[in-house]
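Given next are the chains, with one letter for each unit.
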Amino acid sequence: GGLLKPFALKCTILLLTFSAAASAEDGVLVVLKTSTGTGQRTSQVQIGKSRLRAEMAEGSGSQRALIFDAARQVMLIVNPERKSYNEITKADIDRLATQMQDMMAKVPPEMRAKVEAMMKGGGMGAATPAKTEYRKAGTDKTAKWTCDKYEGYQNGQKSSEICTVDPGMLGLSPADFAVAQQFAEFFEKLMPQSAGQILGLTQMQTQGFSGFPVKSSSTSGGQTTTNEVTDVTRQTFEDSLFAVPAGFQKESFPGMGGRGRQ
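Residues numbered from 1 in each chain as written. Predicted model: local features only at pLDDT ≥ 70, side-chain atom pairs only at ≥ 80, totals over all residues. Heavy atoms only, no water.

## Some points on the packing of aromatic side chains
Threshold: In summary, the pairing rule links any two rings of Phe, Tyr or Trp, Trp by its six-membered ring, whose centres are within 6.5 Å, and it sorts them by plane angle into stacked for under 30 degrees, edge-to-face for over 60 and tilted for everything else. The helix and strand labels rest on DSSP assignments: H or I over at least four residues marks a helix, E over at least two residues marks a strand, and numbering proceeds from the N terminus. Only protein chains enter the area calculation, which uses a 1.4 Å probe; residues under 20% of their type maximum are buried, those over 50% are exposed, and those in between are partly exposed. Whether a charge sits over a ring comes down to the Lys NZ or Arg CZ being within 6 Å of the ring centre and within 35 degrees of the ring normal.
The tally for this structure, following the rule as stated, stands at four aromatic pairs. Both rings, one in F68 and one in F183, keep their centres 5.0 Å apart while their planes meet at 45 degrees; by these two values the pair is tilted. A residue pair is termed long-range when its members are at least 10 positions apart, and F68 in strand 4 (residues 63–69) and F183 in helix 4 (residues 178–186) qualify at 115 residues. Residue F68 is classed as buried on the basis of its relative accessible area of 0%. F183 sits in the buried class, given a relative accessible area of 1%. Between F237 and F242, the ring centres sit 6.2 Å apart and the planes meet at 85 degrees, which makes this aromatic pair edge-to-face. You can call F237 buried: its relative accessible area is 4%. Joined through ring pairs, the aromatic side chains of F68, F183 and F186 make up one cluster. Its end group placed over the ring of Y153, R135 keeps NZ or CZ at 3.8 Å from the ring centre.

Pasting the structure below:
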């Protein structure tokens, strides 16, 4: 028995080490600075192999966390102040998109044009998204990188700017952002205008420009919003980062059906 004790102890240590590694996920941390006419805020996006987590600042200054699980096709919105969370599935998104389309079909033509224009400005639903054409416009600089600048045009009018760098300069590849692409596809039916730019992480291969966007700006409703990546690092994320904290109560999300707290 005495001879087996050191061996058993080593096995236990190895098992604990393996369990700790299994509960963690290698990924990429992206730090974003968002500037609008009312000020600036800094947020983080943690991108794993099949999950991502992003901070969302509210107008009141409070913070919420958005968690997306690509394998389960589920999005969670965690509300720390209320100690609650919302759960939205792909089926919920598809159902809401269908409801919006049905509603638009019943709207009189003269009113439909106005509603579609409003929805287009907000990046939502039934209106057919105008394709953005990107034109190379020299180079620009951010706090950390010199980037290739592109101007985006919709229906012949300039609507946005974007500045990119080769992912290799950041030690990354498009595969590192596969889950962000899946997140964009998750919302595609509901937000066709914005599906490619959710969280400021624009699709790299299908938008008509080359490279990873480190700075972008767009104007809607007379207000310009600028997203700038200030840092990109590889990190290992614990499973708990992508989970709802213990004791938080599930709430129905407005427009998704259900009744209040569960």
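## Structural notes on the state of the cysteines
So the rule is basically this: Only a pair of cysteine sulfur atoms within 2.5 Å qualifies as a disulfide here.
Overall, the coordinates contain one disulfide when judged by the stated rule. There is a disulfide in this structure between C147 and C163, and the S-S distance comes to 2.1 Å. On the sign convention where negative means left-handed, the S-S torsion of about 95 degrees between C147 and C163 marks this disulfide as right-handed. Taken together, the residues C147 in strand 8 (residues 146–154) and C163 in strand 9 (residues 157–165) connect sequence positions 16 residues apart. Owing to a relative accessible area of 3%, C163 belongs among the buried residues under this scheme.

## Section: the nonpolar core
Worth spelling out the cut-off: As used in this record, nonpolar core signifies buried Ala, Val, Leu, Ile, Met, Phe, Trp, Tyr and Cys residues forming a set joined through side-chain atoms within 4.5 Å. We call two residues in contact whenever any of their non-hydrogen atoms come within 4.5 Å of each other.
Residues V30, M75 and V229 are the most contacted members of the largest nonpolar core, which totals 31 residues. No other element matches the four residues that helix 4 contributes to this core. When near neighbours in sequence (up to four residues on either side) are disregarded, V229 contacts V30, V31, L32, W145, F212, P213 and V214. V31, A65, L76 and F237 belong to the second largest nonpolar core, which has eleven residues in total.

## Overview of the side chain of R51
The cut-off we apply is this: Polar contact is defined as a pair of N or O atoms within 3.5 Å, subject to the rule that within protein one atom must be able to donate a hydrogen and the other to accept it, and that residues adjacent in sequence are counted only when both atoms are side-chain atoms.
On the secondary structure map, R51 appears in strand 3 (residues 51–57). At 2.7 Å, the side chain of R51 forms a polar contact with the side chain of D239. Ignoring any residue separated from it by four or fewer positions in sequence, one finds R51 in contact with E25, Q46, F68, D69, V179, D239 and F242.

## Brief notes about the environment of L52
Tracing the backbone shows L52 in strand 3. Note on L52: relative accessible area 0%, which makes it buried. Considered as a pair, L52 and F183 are 131 residues apart in the sequence and their alpha carbons are 8.6 Å apart.

## Section: the side chain of E228
Note the cut-off: Only four residue types enter the charge count: Lys and Arg as positive, Asp and Glu as negative, with His and the chain ends excluded. Every case where a carboxyl oxygen of Asp or Glu lies within 4 Å of a side-chain nitrogen of Lys or Arg is listed as a salt bridge.
Along the chain, E228 turns up in strand 11 (residues 223–238). Buried charge without a partner: E228 forms no salt bridge, and the closest opposite charge is K33, 4.0 Å away. There is a polar contact of 3.3 Å between the side chain of E228 and the backbone nitrogen of A143. Setting aside its immediate chain neighbours within four residues, E228 contacts V31, L32, K33, T142, A143, V214 and K215.

## Let's talk about the environment of K83
Examined against the element boundaries, K83 turns out to sit in the loop between strand 5 (74–79) and strand 6 (84–89). Linking K83 and Q249, residues 166 residues apart in sequence, is a C-alpha distance of 6.5 Å. Not counting residues within four places of it along the chain, the set of residues in contact with K83 comprises G247, F248 and Q249.

## Some remarks on the pattern of salt bridges
Following the criterion strictly, the structure yields eleven salt bridges and no others. Taking the shortest distance from any N to any O, the salt bridge between E133 and R135 comes out at 3.5 Å. D176 is the partner of R234 in a salt bridge, and the nearest nitrogen-oxygen pair spans 2.9 Å. Taken together, the residues span a long stretch of sequence, with R234 in strand 11 and D176 in the loop between strand 9 and helix 4 at a distance of 58 residues.

## Observations regarding helix 2 (residues 90–106)
This is how it is decided: By this rule the span expected of a helix is its residue count minus one, scaled by 1.5 Å. In this description, one arc is meant: the one made by directions from the helix axis to the C-beta atoms.
An ideal rise of 1.5 Å per residue puts 24 Å on 17 residues; helix 2 measures up with 25 Å between its terminal C-alpha atoms. Every buried residue of helix 2 is accounted for by D92, I93, L96, A97, M100 and M104. Seen from one end, helix 2 has its buried residues packed into an arc of 130 degrees, which puts them on one side. Of the exposed residues in helix 2, the ones pointing more than 90 degrees away from its buried face are A105 and K106.

Just geometry here; none of it tells us what the structure is for.
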